[in-house]
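# A closer look at the structure
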Amino acid sequence: MKKDKKFVIGLVITSLVLLMTLIGIIKTPYDPCAMDGSMKFAHISFKHLFGCDQFGRDIFSRVLVGVRETMFISACVVFIGVFFGTILGTVTGYFGGWLDEILMRLNDAVLAFPSVLLALVVIGLYGSGRYQLIAALGIAFIPSFARIVRGEVLKIRNLDYIQAVRLYGASHFRIIVVHILPNLKTVLLSSIIIGFNNAVLAEAGMSYLGMGVSPPAPSLGRMLSEAQAYIFSNPLNAIFPGIVIVIMILGFSLLGDTLGKRNDA
Amino acid sequence: MKYAIKKTATMIITLFFVSVLVFFSFSLIPGNPAVSRLGTEATPEKVAALTHEMGLDRPVMVRFGEWFINVLRGDFGQSYSYRQSVTSLLSDKIKITLMLSVMAIVICAAISVPLGIFMARKSDSKLDIFFSSVNQVIMAIPSFFSGIILTLIFGVILKLFTPGAFVSYKTSFWGCLGYLFFPALSIALPKISMVSKLLKDTVIAESQKEYVRTAYSRGNRTKAVFYRHVLGNALIPVITFMGMTFADIIAGSIIVEQVFSVPGLGRILLTSISGRDYPVIEAIILLLAFFVVMSNLIVDLLYHKFDPRIHV
Amino acid sequence: METLWVKEMMLKVEDLCIKIHDRNSSETLVKDVDLEMNRGDILGIVGESGSGKTMSALAIAGLLSRHDMEKSGKIIFEGINLLECERKVLRKLQGYEISMIFQEPLNSLNPIIKVGKQVEESLLIHTTIEKSERKERAIQALRDVELDNPEAVYNSYPHELSGGMRQRAMIAAAMISQPRLLIADEPTTALDVTIQAQIVELLKKINRERGTAILFISHDLSLVNTLCERVLVMKDGLVVESGNCSDIFNNPREEYTKHLIAAIPKNPFDNRDR
């Protein structure tokens, strides 16, 4: 009962976020980068729903494009994490042995770092920008997916029916593709949603630190850090993008929570 | 004891892996650090001289061995952009970041444990929905945004502290702690929600275990059943979780230092990244990895002490 | 052997009903159960799972305080109606006059507290005995339940003991304050057959030497037959048959009892005529 309510709220919020992403892709009310000197720090109005920033740019439009940007980066990051994480986790979990031992030690070494820190290192090496950020966070997300998949593969591998299939002479490749991978669906679904939750958080954090898309392109995190300079006079400029970040994370975490629990039951 | 030795050994291996990773990723960067240090205008002779002076013309394994031994001695080399040794550059900043992280953990534990117990006690009342909803929302607030909100409320409106005016621990230890309170709180906030929710759930789950019935059958009062039997068991997963969050808390402090202008490792890491000051970046990564792994070790040992069932 | 203890009424249960209330439905788990026990008696309750035998036992031990359960009738222990007395009074009896042991000794012991500390807990709650003496008494109690090396057991954690040892430790914990009534809820079900027999022997010895009354709950009629004098047979919350153990075993009147007897596996090595 209560769980369903959480699920529904999560679904509604996530749909809203997706809608914002869609609007961000199709058309924003104003050009998010167009400056208008006369509209500097304009207050909230029907023309400018969230007001304007220090350059007179429409904050609502910038938020919409920021959401689009965050969603795009998060989707790429989660995809990289899931794709490589699944390959790594399946191979190490299925075959075990020294390869597993070494890769898992490496995995531990990487997991010892919070993803934001790891991404900072990669950006330190290759410079900042949208694609560097995707690569950086994507790499940082691989280990946790690899670990989840590996655990699950270990569990499935030891099930009786896999042993039976092996007795019939099925090849490793066939066992992995036909019998193991489809069983990862449920685990992957909830970890993808939780992955989105973490990716949004990491992306916003990185762009807050100035390591995301280059200005003047809008991103939620950068809007926050820019607005922070005017926190005394125009606190709302920081609050709107911040609340949008919170809403995005909230939606994914509600969905992730309830999906996870459904799988357990 | 055997457990402690095994765990320490794993920790050392992990740290070695980290240092190998760090060194080689930074050696593989395209471009000569000597060039980036001198600028693109430098003459080839000057570049060659500096390359030789920095030892960059020697085989990579030799450089790794030398670097590794120096790191073990606590010598991280010279900073490119600040003309001083990395060790002296970072020594103050480490203390500040550690103070901030430890404070965040202490705040988290001090608030979330009583809160979790309280929430478990109220779990079948109307308050439960209220707490769960508030928790859910707080969990979704990133620390840099809660930091801005805290600045707005306590710095701008209530004027309890001056945003940006960091007090060094050298000037006033308590002043420094006072300034670090709000940054630490904003790191701790989402963790408080997570830990208190986890504790509430484990308390409820443990309360349904059979040993609780045994405890009642001996004539224990409800309070005694709770504090003598349930709480200890319920805290075990909480300790594990707190250990896992330490990495997050350190990452959180890197970001939050930026929000509150705290001159810790996070700030210098960011300036070093934009200035391509590789020795400083390497040192900071190693130090942070060391803290994370070290804290994991402490948690593992604590956990071992708390839960006698864990064996090697 | 006739005991020297005065046959005196200790426990009397009258018309015990236990109802569980869900949001919209209510179910009666125990209906009009009557039973009587004198001091030093051993009474068995047999039935399948869901017959209400454990519920009745928990009610007598005062462990059904959940507010979604409604209890009616009387449980009179030494003149006190346990269903109506104050919680304080009930708590004074629990673990001191009425003790209980359970089916799963591993789950019934707190995993992170040393066995010895759990054995002596009743003394901590009900008496003002010093710490060092409590330890002595606990070690003695562990010795009484025939555990080798009781000092080592005192300092062990539950997971370090075998199933049989754990149940012995549970019995030691239950017996440390010399209760008048020991309620044993399927105490041997989770154990190996050989250990089962040892635990039953131990319970017999406790009853014989200390005069502790035992309420023995089991689904195994043959086990009840080796231990108890009298037995109640329960089905669907009702007592369907009661009386002398060997009478019922040899001449079951109820169809249900016959089923229970038929369900006992025949031991091919057991030549004794039952």
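Cut-offs used in this document
Residues numbered from 1 in each chain as written. Chains lettered and ligands numbered in written order. Predicted model: local features only at pLDDT ≥ 70, side-chain atom pairs only at ≥ 80, totals over all residues. Heavy atoms only, no water. Helix = DSSP H or I, 4+ residues; strand = E, 2+ residues; numbered from the N terminus. Buried < 20%, exposed > 50% of the residue type's maximum accessible area, 1.4 Å probe, protein only. Contact = heavy atoms within 4.5 Å. Areas by Shrake-Rupley, 256 points an atom, 1.4 Å probe, with all protein chains shown as cover. Lys, Arg positive; Asp, Glu negative; His and termini not counted. Charge placed at Lys NZ, Arg CZ, Asp CG, Glu CD. Salt bridge = Lys/Arg side-chain N within 4 Å of Asp/Glu carboxyl O. pLDDT = per-residue confidence, 0-100. Pairing = 2+ DSSP bridges. Axes fitted to C-alpha atoms, helices over the stretch in contact; angles between N-to-C directions.

It is worth spelling out the overall build of chain A at this point. Helix and strand counts for chain A stand at ten helices and zero strands. Order of helices (α) and strands (β) in chain A, N terminus to C terminus: α-α-α-α-α-α-α-α-α-α. Counting over 265 residues, chain A shows a buried share of 53%. Looking at chain A alone, contacts between residues at least 24 apart form 73% of all its contacts between residues at least 6 apart. A total of about 12000 Å² of accessible surface is found on chain A, and carbon and sulfur atoms cover 70% of it. Each charge sign in chain A was given a centre, from 22 positive and 15 negative side chains, and these centres are 4 Å apart.

A full pass over the atoms with the stated rule returns 28 salt bridges over all chains. A salt bridge links Glu121(C) to Arg218(B); the nearest nitrogen and oxygen atoms lie 2.9 Å apart. Of the two residues, Glu121(C) sits in helix 5 (residues 121-126) while Arg218(B) sits in the loop between helix 9 (210-217) and helix 10 (222-259), which places them in two different chains. For the pair shown, Glu121(C) and Arg218(B) are each scored as buried.

This part is about the confidence of the model for chain A. Per-chain confidence: chain A averages 82 in pLDDT, with 93% of residues scoring 70 or above. Across chain A, helix 2 (residues 59-95) of chain A holds the top mean pLDDT of 90, while helix 3 (residues 97-111) of chain A sits lowest at 77.

Another aspect to go through is unusual backbone geometry. With a phi angle near 55°, Lys159(B) is a residue other than glycine that sits in the positive phi range. One can find Lys159(B) in the loop between helix 7 (143-157) and helix 8 (173-207).

All names here are of chain C. The strand order across the open sheet built from four strands is 2-1-4-5, with neighbouring strands paired in antiparallel fashion. What marks the edges here is a single partner per strand, and that holds for strand 2 (26-38) and strand 5 (80-81). Bridging between strand 1 (residues 9-21) and strand 4 (residues 69-77) involves eight bridges; their strand directions are antiparallel. Across the sheet, residue isoleucine 18 finds its bridge partner in strand 4, namely lysine 71. Contacts from helix 1 (residues 53-60) reach strand 1, strand 2 and strand 4 within the one sheet, and its direction differs from that of strand 1 by about 120°.

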